[in-house]
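Structural description and commentary
Chain residues, written in single-letter form:
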2 protein chains.
Amino acid sequence: VDEFEIIRRYFTPATYSDSVVIGVGDDGAVLRPTPGMELVAVADTMVAGVHYPDVLAAADVGYRAVAVNLSDIAAMGAIPRWMTLALTLSAEQPAWLADFARGITQAAAAFGLELVGGDMTRGEQTVVTVQITGEVLPGQALTRAGAHPGEGIYVSGTPGDAAMGLRILQSGSKPDSGGAELVQRFARPTARIALGRALAAHASAAIDLSDGLFSDVEKLLHASGAAGCLALESLPISAPLLHAVPREEAERLVLSGGDDYELCFTAADTEFLAAGEVAGVPVTRIGEVREGRGLHCERHGQLCEFRDDGYRHFQ
Amino acid sequence: VDEFEIIRRYFTPATYSDSVVIGVGDDGAVLRPTPGMELVAVADTMVAGVHYPDVLAAADVGYRAVAVNLSDIAAMGAIPRWMTLALTLSAEQPAWLADFARGITQAAAAFGLELVGGDMTRGEQTVVTVQITGEVLPGQALTRAGAHPGEGIYVSGTPGDAAMGLRILQSGSKPDSGGAELVQRFARPTARIALGRALAAHASAAIDLSDGLFSDVEKLLHASGAAGCLALESLPISAPLLHAVPREEAERLVLSGGDDYELCFTAADTEFLAAGEVAGVPVTRIGEVREGRGLHCERHGQLCEFRDDGYRHFQ
């Protein structure tokens, strides 16, 4: 089985939409963009043993590689359209590849994303790079750089779950039903595409949570030239997470666990947001944009020490 | 020095064209496509020790990673526009990174390509994935699937040089001036962008040479549903290659050496092509499209045995 046969068998969609003039199989794909739209381009890599443990199921590796990129598309308020996949594998593993391709296909199908090309290579370690091109109305892209003092800081879902899920996965122990839910949050993050699109009309800035809530809010504020504070008592913490660890540890995971792929955004506080749900996704007000520089934490209005240990490469 | 600082320092262009609304630094890049054009998407990975030897200079690794992708854009007859870069490195290597970034930047600048985003990760081995989006007039993309019996098979430049260059590089011996030229053909392949664009009006099918001339012509003919023959006496062989090895070995390198990144195309034989040069690039008629299936070689009209050992992953 050679590279071309593998790509044909596992990764070529049965049908393409009208936007794909030429898909997998030529030197490049030919795509027909929607007239009048801007493009949004994102690319993210997952390395085995670095970004996910080797015990993660092949289908979850595939699903997750797509989902983390969709999360960036969501954070820009864009609509995902086309994807390329660059896969480096250490050996021929037909069963692994079939499962991996199934995960890729499931994530793509769930969001109307089409695989149009890529490359398959051999290396010492599994490395998966997904690149997605999306579309957004001109001037409607959400960036990190629009937060204004006085606005609220909001987050979707319940950060911290994925980090705890990873811990359970790495422990090798069989999780209870709450634990399985946490593992699922790591293995199959939900890309907040619909939320991102709905926020285009309401949010002043947005970022997706990959490195940890505290660190990612810092980045958003830095890009916006503003300061902010997080109110620890208002952090959304899931029941399974509170069941798994003491509250203090849960808070630490929420603030710097990482791998959440939720959206964090800033917006003027409106009734629309006070409803606590946008596009069917729970959103919680967790802090406030202020004048100045930097991010700090408060508990019931009192300054709180917090040492971030969010994830960074090459530190 | 963290990931963000590295990306900012080495990979953020000083200025962007008007087509880049948002470049490196947000969750995604926002791009303004040219109205009425179709998009062409390509992605290719280079793994250290697999696709290039570890002795290859960092700047050449960067240049080559861009050039092999530009070659796919050229084979589609498209204009390169925007690039994302996914870089996996085994350790922090500031000097290597600075040189690598210089190579990336040189290749991009030479072809009007803009780096708009990407990802940097840690792994056991250096893995470089470049994704390029180009543009082409609707219906003008060159594919592999348009060759007709009776047309000529043409190739640009002198295939085989790069494979010999790689051999010299791996030998570790100091090359003479001809040898240095061959090494350069491996280290810094010339993407045939102008040729690809000029061929849009003349060629019926095209492919870029990465795995080896014989194997890549086979792919083109297979996609076109046609057969073909290569006339061994007409293969273009460079003076440095003929100086380095006996003619028989040179022919073998031309046919199955790989890493050429020249264009091979089929076209009706016209005076335009008989001139032997298109867009300033030498082109040579090396064979003919025929009815049927498969590719064979002839020498002065006599059938010639040829066992292809072109490069494939996962065989």
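The following refers to the structure shown. This is a predicted model, so every value here is computed, not measured. (Residues numbered from 1 in each chain as written. Chains lettered and ligands numbered in written order. Predicted model: local features only at pLDDT ≥ 70, side-chain atom pairs only at ≥ 80, totals over all residues. Heavy atoms only, no water.)

On to the relation of the copies chain A and chain B. With an axial shift of 0.0 Å and an RMSD of 0.0 Å, the rotation relating chain A to chain B amounts to 180°. In symmetry terms, the pair is related by a two-fold rotation axis. A symmetric contact is evident, with 98% of the interface residues of chain A recurring at the interface of chain B. (Least-squares fit on C-alpha atoms with pLDDT ≥ 70 in both. Contact = heavy atoms within 4.5 Å.)

The next point concerns the packing of helix H2 (residues 58–75) of chain A against helix H3 (residues 94–110) of chain A. Residue and element names in this part refer to chain A. Two numbers describe how H2 lies on H3: the axes approach to 6 Å, and their chain directions differ by 35°. By crossing handedness, the relation of H2 to H3 is classed as right-handed. Contacts from Ala58, Ala59, Val61, Gly62, Tyr63, Val66 and Leu70 of H2 reach H3 at Trp96, Asp99, Phe100, Arg102, Gly103, Ile104, Gln106, Ala107 and Ala108. A per-class count over the contact of H2 with H3 returns eleven nonpolar, three polar and two charged. (Axes fitted to C-alpha atoms, helices over the stretch in contact; angles between N-to-C directions. Helix = DSSP H or I, 4+ residues; strand = E, 2+ residues; numbered from the N terminus. Left-handed = near helix turned anticlockwise from the far one by under 90°. Nonpolar A, V, L, I, M, F, W, Y, C, P; charged D, E, K, R; others polar.)

Quick look at the pairing of strand S8 (residues 205–208) of chain A now. All names here are of chain A. The alternating pattern of S8 places Ala205 and Ile207 and Ala206 and Asp208 on opposite faces, both of which are buried. The pairing of S8 with strand S10 (residues 263–267) spans four bridges and is antiparallel. By the bridge assignment for S10, Ala205 is matched with Thr266. (Buried < 20%, exposed > 50% of the residue type's maximum accessible area, 1.4 Å probe, protein only. Pairing = 2+ DSSP bridges.)

A sheet is described by the order of its strands in space; here six strands give the open sequence S1(A)-S2(A)-S3(B)-S6(B)-S4(B)-S5(B), paired in mixed fashion. At either margin of the open sheet sits one strand with a lone partner, and together these are strand S1 (20–22) of chain A together with strand S5 (114–122) of chain B. The average undirected angle you get between the axes of adjacent strands in this sheet is 20°. Pairing analysis gives two bridges linking S1 of chain A to strand S2 (residues 29–31) of chain A, with the strands arranged antiparallel. Across the sheet, the residue bridging to Val20 of chain A is Leu31 of chain A, located in S2 of chain A. Sitting on the sheet, helix H3 (residues 94–110) of chain B is in contact with strand S4 (79–89), S5 and strand S6 (127–136) of chain B, with an inclination near 165° to S4 of chain B.

Before going further, it helps to spend a moment on the interface of chain A and chain B. Interfaces are often described in size by the accessible area the parts lose on coming together. Taken together, the 63 residues of chain A in the interface contact 62 residues of chain B. The contact between chain A and chain B buries some 5100 Å² in all, and 58% of this surface belongs to carbon and sulfur atoms. Inspection of the region where chain A meets chain B yields six salt bridges. A salt bridge links Arg32 of chain B to Glu38 of chain A, with the nearest nitrogen and oxygen atoms 3.7 Å apart. Looking at the side of chain A that touches chain B element by element, the count peaks at nine residues for strand S3 (residues 38–47) of chain A. Each residue belonging to the side of chain A that touches chain B can be placed in one class, and the counts come to 31 nonpolar, 15 polar and 17 charged. Alignment of S3 of chain A against strand S2 (residues 29–31) of chain B, held across three bridges, turns out to be antiparallel. (Buried area = accessible area lost by both parts, 1.4 Å probe. Salt bridge = Lys/Arg side-chain N within 4 Å of Asp/Glu carboxyl O.)

Let's shift gears to the pairing of strand S12 (residues 281–290) of chain B. Residues in a regular strand project their side chains so that they alternate between the two faces of the sheet. Residues and elements named next belong to chain B. As paired elements, strand S7 (residues 152–156) and S12 share five bridges and run antiparallel to each other. Bridged to Ile153 within S12 is Gly287. In this structure, strand S9 (residues 227–231) lies alongside S12, joined through four bridges in antiparallel fashion. Paired with Ala227 across the two strands is Arg290, which belongs to S12. In this sheet, S12 lies alongside strand S11 (residues 277–278) in antiparallel orientation, the contact comprising two bridges. Across the sheet, residue Glu277 finds its bridge partner in S12, namely Pro282.

Turning next to the pattern of salt bridges. Residue and element names in this part refer to chain A. Inspection of every chain in the model, using the stated rule, returns 38 salt bridges over all chains. The partner of Arg290 in a salt bridge is Glu298, with the nearest N and O atoms 3.0 Å apart. Connected through salt bridges with shared partners, the residues Asp269, Arg285, Glu288, Arg290 and Glu298 form a single ionic network.

A few words on helix H5 (residues 177–187) of chain B. Residues and elements named next belong to chain B. Every buried residue of H5 is accounted for by Gly178, Gly179, Leu182, Val183, Arg185, Phe186 and Ala187. In this fold, the buried residues of H5 make contact with helix H2 (58–75), helix H4 (161–171) and helix H8 (239–244). Between a side-chain oxygen at the N-terminus of H5 and the backbone nitrogen of Gly178 the separation is 3.3 Å; the capping residue is Asp176. (Polar contact = N/O pair within 3.5 Å; in protein donor to acceptor, adjacent residues only side chain to side chain.)

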